[in-house]
Amino acid sequence: MAQSVRKAVFPVGGLGTRFLPATKAMPKEMLPVVDKPLIQYAVEEAQAAGIEEFIFVTGRSKSAIEDHFDRSYELETTLRERGKEAQIAAVTSCLPHPGQIAYTRQQDPLGLGHAVWCARNLVGDEPFAVLLADDLILADTPCLTQMVQAYQREEGNYVAVMDVPREHTNRYGILDIEKDDGRIVRTRGVVEKPDPAKAPSTLSIIGRYILQPEVFDHLSQTERGAGGEIQLTDALAKLIGHNNRPFLGLRFDGRRFDCGDKAGFLEANIAFALARPDMAEAVRRILSEYC
């Protein structure tokens, strides 16, 4: 039986330069989609998948994230005095229990692989999930829940995957496919941001992972990859065939929005608003006026 996935790592140390000036003083992970920040969607997805410990890899000027996942007694008292119980539930329902959250700093912006490596002592010797808040997924069954269910059937290293246009392969980690049954993809290799002409497929990794702790051994070698950064994808490639564990891609059910991109962020706001019964009609009316 596969060891339970109890811990999740949230790399939130990025500068968010594509959203300046909005992110000059506010973490990009706190940008709201409708009425919740991106990082809250990621944490709620992890909670739904049974995650018990939440590890944030932060950087400078990220204190708003810590405050968001803490109690705000003044606010709660004011809301309670005004009889706003629904609003109290909105600001407290996502809070992990005391002791379930840990924070560590990524002092130098050396890439996603380095951010994950910074969490090594908090993760320890057990499988763990990684969630990138920039990748927001609208799904009936949360993406990480789908991955945990697959992991429980077959232990290994997992990444969430989706097909992208070939001209976009140089933006993603791309799988070299060994076997594909339409949902689970067995891989023999993974390449970070390959030139479209040399990409082994168009199946790209998006920001959801379930990884074995051996990945830290490879990340500790601090080899620079694409963009001069320590790439998580390069360490994933070294996991393939390690300890006879399969490296698997899951074609998840749902729609992914790239909220690190301005147009993708705007699209996510529209899609999530249309999915809400209390907003759908008004949003359709607004869109019809502009389109």
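Residues numbered from 1 in each chain as written. Predicted model: local features only at pLDDT ≥ 70, side-chain atom pairs only at ≥ 80, totals over all residues. Heavy atoms only, no water.

## Quick notes on the pattern of salt bridges
Rule in force here: For this analysis, a salt bridge means a side-chain nitrogen from Lys or Arg found within 4 Å of a carboxyl oxygen belonging to Asp or Glu. A run of H or I in DSSP becomes a helix once it reaches four residues, and a run of E becomes a strand once it reaches two; helices and strands are each numbered from the N terminus. When a residue's accessible area, from a 1.4 Å probe over protein chains only, is under 20% of the maximum for its type it is buried; when over 50% it is exposed; and in between it is partly exposed.
All chains considered together, the criterion is met by 21 salt bridges. The closest approach of N and O atoms between Lys62 and Glu29, which form a salt bridge, is 3.0 Å. Residue Lys62 is found in the loop between strand 4 (53–58) and helix 2 (63–68), and its partner Glu29 is found in the loop between strand 1 (7–11) and strand 2 (32–33); the two are separated by 33 residues along the sequence. Judged by relative accessible area, which is 5%, Lys62 ranks as buried. On the accessibility criterion, Glu29 (2% relative accessible area) is buried. When the shortest N-O distance is used, the salt bridge between Arg276 and Asp278 registers 2.9 Å. Residue Arg276 is classed as partly exposed on the basis of its relative accessible area, which comes to 25%. Taking relative accessible area as the criterion, Asp278 reaches 57% and is therefore assigned exposed. Connected via shared salt-bridge partners are Arg6, Lys7, Glu52, Glu53 and Glu126.

## Quick look at the packing of helix 10 (residues 262–274) against helix 11 (residues 280–290)
How we decide: All axes here are fitted lines through C-alpha atoms, helices being fitted over the stretch that makes contact, and every angle between N-to-C directions spans 0 to 180 degrees. Working rule for angles: under 35 degrees goes down as roughly parallel, over 145 as roughly antiparallel, 65 to 115 as roughly perpendicular, anything else as oblique. Here, residues are in contact when the closest pair of their heavy atoms is within 4.5 Å. In the scheme used here, Gly and all other residues not listed as nonpolar or charged are polar, with Ala, Val, Leu, Ile, Met, Phe, Trp, Tyr, Cys and Pro taken as nonpolar and Asp, Glu, Lys and Arg as charged.
Where helix 10 meets helix 11, the closest approach of the two axes is 8 Å, and the angle between their N-to-C directions is 135 degrees. Put simply, helix 10 runs oblique to helix 11. Counting all contacts with helix 10, which are made through Ile270, Ala273 and Leu274, the residues of helix 11 involved are Ala280, Val283, Arg284 and Leu287. In terms of residue class, the contact of helix 10 with helix 11 is built from six nonpolar, no polar and one charged.

## A word on the pairing of strand 6 (residues 128–131)
Along any regular strand, the residues point their side chains to alternate faces of the sheet. Applicable threshold: We call two strands paired when DSSP finds no fewer than two bridges between them.
Of the two faces of strand 6, the one holding Phe128 and Val130 and the one holding Ala129 and Leu131 are both buried throughout. Where strand 1 meets strand 6, three bridges bridge the pair, whose relative direction is parallel. What sits directly across from Val9, in strand 6, is Val130.

## Overview of the environment of Gln87
Mapped onto the elements, Gln87 comes out in helix 4 (residues 85–92). Accessibility expressed as a relative area gives 38% for Gln87, which makes it partly exposed. Between the C-alpha atoms of Gln87 and Glu76, which are 11 residues apart in sequence, the distance is 8.7 Å.

## Overview of the nonpolar core
Threshold: Nine residue types can take part in a nonpolar core, namely buried Ala, Val, Leu, Ile, Met, Phe, Trp, Tyr and Cys, and a core is a set of them joined through side-chain atoms within 4.5 Å.
Residues Phe10, Ile39, Phe56 and Leu144 are the most contacted members of the largest nonpolar core, which totals 47 residues. If we ignore the near neighbours within four places in the chain, the residues touching Ile39 are Phe10, Val12, Glu29, Met30, Phe56, Phe69 and Ala133.

## A word on the packing of aromatic side chains
This is how the line gets drawn: Only Phe, Tyr and Trp rings take part, Trp by its six-membered ring, and two of them pair if their centres are within 6.5 Å. Stacked means planes under 30 degrees apart, edge-to-face means over 60, and tilted covers everything else. Two limits define a charge over a ring: the Lys NZ or Arg CZ must be within 6 Å of the ring centre, and within 35 degrees of the ring normal.
On inspection of all chains with the given rule, the structure shows nine aromatic pairs. Summarising the aromatic geometry, the rings of Phe19 and Phe265 are spaced 5.5 Å apart at their centres and angled 75 degrees between planes, so their arrangement reads as edge-to-face. Placement of the pair is Phe19 in the loop between strand 1 and strand 2 and Phe265 in helix 10, with a sequence separation of 246 residues. Classification of Phe19 by relative accessible area gives buried; the value is 12%. Here Phe265 falls in the buried class, since its relative accessible area comes to 15%. Measuring from centroid to centroid gives 5.1 Å for Phe128 and Phe216, while their planes differ by 10 degrees, and the two rings are stacked. Of this pair, Phe128 sits in strand 6 while Phe216 sits in helix 8 (residues 215–219), placing them 88 residues apart in sequence. Take Phe128 and Phe216: they sit in the same class, and that class is buried. Of note, Arg120 hangs over the ring of Trp117, and the distance from its end group to the ring centre comes to 3.6 Å.

## Details of the confidence of the model for the protein chain
Quick note on the threshold: Values of pLDDT, which run from 0 to 100, indicate the predictor's confidence residue by residue.
With 96% of its residues at a pLDDT of 70 or more, the protein chain shows a mean pLDDT of 91. Of all secondary-structure elements in the protein chain, the lowest mean pLDDT belongs to helix 9 (residues 232–239), at 87, while strand 6 reaches the highest, 98.

## Describing unusual backbone geometry
For the peptide bond that leads from Leu20 to Pro21, omega is 10 degrees, which places it in the cis range. With respect to the secondary-structure elements, Pro21 resides in the loop between strand 1 and strand 2. Positive phi outside glycine occurs at Val34, with the angle close to 65 degrees. The topology assignment puts Val34 in the loop between strand 2 and strand 3 (36–37). Unlike most non-glycine residues, Lys193 shows phi in positive territory, near 50 degrees. Looking at where Lys193 falls in the secondary structure, it is placed in the loop between strand 10 (184–192) and strand 11 (203–211). Of the residues examined, Lys193 reaches a relative accessible area of 40% and is grouped as partly exposed.

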